[in-house]
Amino acid sequence: MRVAGIPLNRPWLTWLGLVLLIFVQGVGFAWVRAPEWLGWAPSTAGAVETVTIFGLSVVCLVATWLASLPRTFQYQDTITLASRRPYCYRLLVMAYVGSAGIVGFAGCALALIALPWALGGSLSGPPLTLVLSTAATLASALAWTSLGIVMAKIRPVFIALAVAAVAPYAWYAVGSYLYGGPWQSFFLVDLRGFDYFTPDPTGWAARAAFWLAIATVLAASVLHWKRTTTVSLWVTSLSAALVLLAGTALVPTSGADAAECLDGEPIVCTTLPYAFALPSYSAAAHEAVMALPPGVRPTVIAQEANVVGAVPDGALIMLLQPSSGFTQPATLVDRELFLSDFGEKLFGKTGCFDQSDTEQRTVSDALQIWWRERFDIPLDGSSSIGSTPFDLPEFEAARAAAAEFANLDPQVRDAWLTEHSRDITACRDLPTELP
Amino acid sequence: MNLFRHLSRMHGVDRRWFLLLAVCWALVVLAGWIGLPQIDPNPVDRTHPLEQLSTFALLLPVMVQISSLTIYSPWVEQTRAVRLRALQPLWLAFHWSAGVATTMVLSLWVLPYGVDSVHAAGVWGLLFAIGSLASSGRTESSLRFSALALFAVLAVMTFPGLLPFSANLFYNAETTILLWIVTAAITVAAVVVPVARGM
């Protein structure tokens, strides 16, 4: 059965499958990097383009596949003899794959925009970048559909398919390789530096126009629309010039460095691009401070020093970035990672005492081991980036001291921590032994 | 030698095929100078020699070599079917080793410094094994399916953070032993499956 001239058994079902594939891979790949963009519009705009890293390969591959079918199955002659013009088949492929690409990528963009609300938060930041990045993404989907149809001319067909799969990714990789130079503005953007600085909207708009013009040139040339080809070549040339002129300039995002705080015990503060993390940041921080006696509890935990607003006198401030996986700062907070970092920050006291002092070091290590065991955090340091692996033999003494400390009556333990609260919370020497 | 010539002709290996293969390898070498966005998420400052476009571009020579596993001249198969078909695993082994050797030579002398040749050869071997397993139907359609399968595997391995890096056989140089075990297992499957299916 053939519907709309596409020689597939179930063309509409295949079309839907293609849309779903583009959507699922896009949202899946973007979700992997969610701590970098969730809830902040300029970073989400970068994420919208990230969905094209392999999505464009899918679009290009399918376009090449379908466009090569007549020659592969030897019915090109039949198409030539048909009442419609021979290149109408290519137009059908373009409409079929291009529309799937547009619907799939638009769905991805909408999903990424809607995701913060679905997770109980909201999207902040200037929305213009989102519109422009979505436009650039959709235009590039059309362009790579046309390129896929052009690639179908490569013989043998399996090489055309391999080239169609590799080419869009190679384009992305070359763009990353050229990062910073003016040529990079032709390529995909990703999430780097979009928290406080955003690409100039002119450049983004020019890139969308450039990709649209490329799509038109290729489509018009494979369809033998000569006048349209000529006109769109002029438009391509102009938009390419505009892309180069606009370059890769990053402009400061207004209001991005404003502080956002969430009251509670403790108060937690981040900058606006990471404000989405506040609820999970607050919950993890609350869990951490509640495990300590009042004298040792930080009253404010902040992402960085300049977001700490007017704090009450004597408030205990801890600077600890919200983090998730290898992302720091992040828009999501990994509880275990946060608690591990909290223990290291509070008891590790890097640079505050003489590290050659074995007794103080043992106390510091023992307190960190006690802290990790209290929250069932692995001692091997696997839960946090660069944290000390306390399961090594050299920490045997510290592990023994930690076990003794854990076995103490909680009141005795809290009393000792309170007694030494200044030594623990300020940057100075630690006590030389545990109770 | 005569037998090798017969096998080559039967599988459509001619001068144009060799030219195509050479062009594809040249593209792989050129792609070796283009670094990929960091795949190893560990922020520790170290070089990532394996993270280069040539790994992704390996898809091209792999597909060319896999194409030669397909029997292009059915009449040859009919006339000398039994003998030549029995040699199919040998033909596959020949291509596998030729590709592994080429990758090792290129990574030793041509690709940027620091690429572990044993690991790179393992990546090639694994891609070839997956591709030949996916195309074990030995038809034009199975060849296309194999291009899709290889692209899917490469995409999953190449996207930063999608797999735990400790399980990333392509770009983590510390997984060389595991990579070769997986490569060996899939290569054996690629030899056994077509034989079991009577191809």
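Please refer to the structure placed before this passage.
For the structure given in this document, a descriptive report is provided here. Fair warning: this is a prediction, and the values are worked out from it, not measured in the lab. (Residues numbered from 1 in each chain as written. Chains lettered and ligands numbered in written order. Predicted model: local features only at pLDDT ≥ 70, side-chain atom pairs only at ≥ 80, totals over all residues. Heavy atoms only, no water.)

## A look at helix 3 (residues 41–50) of chain A
Residue and element names in this part refer to chain A.
- Here helix 3 lies mainly inside the structure; 10 of its 10 residues are buried.
- Among the residues making up helix 3, those that are buried are Ala41, Pro42, Ser43, Thr44, Ala45, Gly46, Ala47, Val48, Glu49 and Thr50.
- In this fold, the buried residues of helix 3 make contact with helix 2 (34–37), helix 4 (52–72), helix 6 (88–118), helix 7 (128–151), strand 1 (197–199) and helix 9 (201–222). (Buried < 20%, exposed > 50% of the residue type's maximum accessible area, 1.4 Å probe, protein only. Helix = DSSP H or I, 4+ residues; strand = E, 2+ residues; numbered from the N terminus. Contact = heavy atoms within 4.5 Å.)

## A word on the nonpolar core
- Judged by nonpolar contacts, the single largest core of 128 residues is most densely connected at Phe54(A), Tyr169(A), Leu53(B), Met63(B) and Phe170(B).
- By residue number, the principal contributor to this core is helix 8 (residues 157–177) of chain A, which donates 13 residues.
- Those residues in contact with Phe54(A) that lie beyond four places of it in its chain are Gln25(A), Phe29(A), Tyr169(A), Phe56(B), Phe151(B), Ala155(B), Thr158(B) and Phe159(B).
- Formed by 44 residues, the second largest nonpolar core is a distinct cluster that contains Val268(A), Ala275(A), Phe353(A) and Phe390(A). (Core = buried A, V, L, I, M, F, W, Y, C linked by side-chain atoms within 4.5 Å.)

## A word on the packing of aromatic side chains
Residue and element names in this part refer to chain A.
- Scanning the entire structure with this criterion turns up 29 aromatic pairs over all chains.
- Each ring, one from Phe342 and one from Trp371, has its centre 5.3 Å from the other, and the planes form 20°; the classification is stacked. Of the two residues, Phe342 is situated in helix 12 (residues 335–348) and Trp371 in helix 13 (residues 358–374); the sequence distance between them amounts to 29 residues. By the burial criterion, Phe342 is buried, and Trp371 matches it.
- Within the aromatic cluster, the residues linked to one another by ring pairs are Tyr281, Phe338, Phe342, Phe347, Trp370, Trp371, Phe375, Phe405 and Trp416.
- We note Arg374 situated over the ring of Phe375; from NZ or CZ to the ring centre the distance is 5.5 Å. (Phe/Tyr/Trp six-rings, centres within 6.5 Å; stacked < 30°, edge-to-face > 60°. Lys NZ or Arg CZ within 6 Å of the ring centre and 35° of its normal.)

## So, the state of the cysteines
- For the structure on display, the rule yields 1 disulfide over all chains.
- Residue pairing for Cys261(A): its cysteine sulfur links by disulfide to Cys269(A), the two sulfurs lying 2.0 Å apart. Classification of the bridge connecting Cys261(A) and Cys269(A) rests on its S-S torsion, roughly 110°, and on that basis the disulfide is right-handed.
- Among the residues examined, Cys261(A) registers a relative accessible area of 39% and is labelled partly exposed.
- Considering cysteine sulfurs only, Cys24(B) is the nearest to Cys60(A), which forms no disulfide, with 16 Å between them.
- Overall, the relative accessible area of 4% leaves Cys24(B) in the buried class. (Disulfide = S-S within 2.5 Å.)

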